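# Structural overview for review
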Amino acid sequence: MFRIARHSHTTAARRTPRRPLAATAVFLSLSFTGAALPHSVAAATEPTGDSVSVTPSSPQVPEGVTAGVAVFDRQTGTFAEQLAPAATFRSASVVKLLIALDFLWNRSPDSMPAADRTRLDVMLRSSQDAAANHYWSAYGGPSIVTRMVSRLGLADTAPPPGGYEGYWGYTAMSARDTVKTYRHILESAPAPVRDFIMERLRQSTRCASDSFDQHFGIAGAFDRPWAVKQGWSGTYAKGNCGSGGTAAARDTDASAPASAGAGAASVDLSRPALHTTGTVGAGDRSIVAVLTLHPDGTSYGKAYTDLGRLTRSLNVPGGTAPKGKWYGTWGQDVAVRTAPVVGDNLLTRLPAGVEVLVGCQKKGQLVSVPPYSNDWWAYLPQYGGYVTNIYISHPDNQLPDVPLCTTQK
């Protein structure tokens, strides 16, 4: 393959934010498995959004994170945020925008073969690597990037470095070039091409084709309407998104060269990368590009959380912050369920240690992870499901600043 590694009643005992991992493993194996069945979600409140409050004077970059940021307000024609906008990062799957544009340059989506429509659909919505591999191999690999640099007038974008020509995710891109790419799609591309690409980015699936949860950054920081193309690259634990079984093994991805390091090119090919790009607000008012690198060994959940915090700190005109309270979680493969009970109602699993938005809470089935027991469950509006409060990082069983779920769904 050509892709890179990358792209989670009565209380018996008072909870603390950290729990023994052994207890976690026992509980998960006994009661946090099961396939999702058609099932209506029990009573819950799905809060309405509030406008984004006044943001800090500059992006809030978490410690240890390297970031390139650009937020372009299409209504005013000006940048609302810029932080190292010309800095280059390995693109990971963000380059799939250029791959799609190159294929559609002299083609209409209305007349292209059904096989290509299917490939582009899953490449853009679910970030499928096999589709990107196909176009990279069939249409000249690095030449795709060279053509698009010339066509769009990109200043910082470059093909993968010598010796890594087969790895499309090693394409160098900057935040400002990413904004320019979206501006081309929205403002210059033929309407059928614009609509084809943007419709698929608006329909981004929470679970990517490789089972990574890709609704981080923009998708978590703002209420819809938004459209996203995300990117992730690094030696992360395998994705666990979806209603399938646990996938806890390490994923080093044999398709990425073991020798790739920071000195192999003008961009860092080694540190874990996580990128969120897309549009926010009615009429795609703001174009947002946040490209990040994280310290070696950073988990997917930690990178997901840090990117989310950075994105939420940005001034994004037209963006609406979702209502709720952000909390950390702990534990591996924590289940999100359609109702506050354990059973065959699994929606997905959280990336380990990720921060989640809690909209409301209610009592449900008593859950025990010795020595802890709790019958309170948190409703996560962005997932449309519940997690037991045992795995919310707060010492109280009932979260003190979260309302009760009252609205029937």
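Check the entry above for the structure.
Just so we're clear, the structure is a prediction, and the values are computed from it rather than from any experiment. (Residues numbered from 1 in each chain as written. Predicted model: local features only at pLDDT ≥ 70, side-chain atom pairs only at ≥ 80, totals over all residues. Heavy atoms only, no water.)

### Here we look at the side chain of Arg-271
Let me state the cut-off plainly: Counting from the N terminus, the helices are the DSSP runs of H or I reaching at least four residues and the strands are the DSSP runs of E reaching at least two. We define a polar contact as two N or O atoms separated by no more than 3.5 Å, with the added condition that, inside protein, one atom must be a possible hydrogen donor and the other a possible acceptor, whereas residues neighbouring each other in sequence contribute only through side-chain atom pairs. Contacts are assigned to residue pairs that have any heavy atoms within 4.5 Å of one another.
Among the structural elements, Arg-271 can be located in the loop between strand S6 (226-233) and strand S7 (273-280). Here Leu-293 takes part through its backbone oxygen, which lies 3.4 Å from a polar atom of the side chain of Arg-271. The contact partners of Arg-271, leaving out residues within four places of it in the chain, are Gly-64, Thr-66, Arg-90, Ser-233, Leu-293, His-294, Pro-295 and Asp-296.

### A closer look at the state of the cysteines
The test is simple: By disulfide we mean two sulfur atoms from cysteines, separated by a distance within 2.5 Å. Exposure classes here rest on a 1.4 Å probe applied to the protein chains alone. A residue is buried below 20% of its type maximum, exposed above 50%, and partly exposed in between.
Under the criterion given, the structure shown has 2 disulfides. Here Cys-207 engages in a disulfide with Cys-241; their sulfurs sit 2.1 Å apart. Between Cys-207 and Cys-241 the disulfide shows an S-S torsion of about -70 degrees. By sign, it is left-handed. Here Cys-207 is found in the loop between helix H7 (191-202) and helix H8 (218-221), whereas its partner Cys-241 is found in the loop between S6 and S7, with 34 residues between them in sequence. For Cys-207, a relative accessible area of 25% puts it in the partly exposed group. The partner cysteine of Cys-360 in its disulfide is Cys-405, sulfur to sulfur 2.1 Å. Between Cys-360 and Cys-405, the disulfide has an S-S torsion of 95 degrees and is therefore right-handed.

### Focus: the sheet that holds strand S2 (residues 66-73)
Definition in use: What makes two strands pair is DSSP finding at least two bridges between them. A fitted line through C-alpha atoms serves as each axis, taken over the contacting stretch for helices, and the angle formed by two N-to-C directions is quoted from 0 to 180°.
If you walk across this open sheet you meet the 5 strands as S3-S2-S8-S7-S6, and the pairing is antiparallel. Of all the strands in the sheet, the pair left with one neighbour each is strand S3 (78-83) and S6. Averaged over all neighbouring strand pairs, the angle between strand axes comes to 5 degrees, with direction disregarded. Taken strand by strand, H7 contacts S6 and S7, and its axis lies near 75 degrees from that of S6.

### Considering helix H5 (residues 142-152)
How we decide: For this quantity, the arc is that covered by the directions from the helix axis to the C-beta atoms.
Inspection of H5 places Ile-144, Val-145, Met-148 and Leu-152 among the buried residues, and these make up the whole buried set. All buried residues of H5 lie within an arc of 95 degrees about the axis, which places them on one face of the element. Phi for Gly-153, located one or two positions after H5, is positive at around 70 degrees.

### Here we look at the pattern of salt bridges
Let me state the cut-off plainly: Any carboxyl oxygen of Asp or Glu within 4 Å of a side-chain nitrogen of Lys or Arg constitutes a salt bridge here.
Tallied over the full model, the rule gives 19 salt bridges. Here Arg-151 and Asp-102 are joined by a salt bridge, their closest N and O atoms 2.8 Å apart. Of this pair, Arg-151 sits in helix H5 while Asp-102 sits in helix H2 (residues 96-103); the two residues are 49 residues apart in sequence, bridging distant segments of the chain. The salt bridge involving Asp-121 is made with Arg-200; its shortest N-O contact spans 3.2 Å. Of this pair, Asp-121 sits in helix H3 (residues 114-125) while Arg-200 is found in helix H7, placing the two residues 79 residues apart along the sequence. For Asp-121, a relative accessible area of 18% corresponds to the buried category. When its relative accessible area of 11% is taken as the criterion, Arg-200 is described as buried. One salt-bridge network, held together by shared partners, links Asp-121, Arg-125, Glu-199 and Arg-200.

By themselves, these observations are geometric and do not establish any function.
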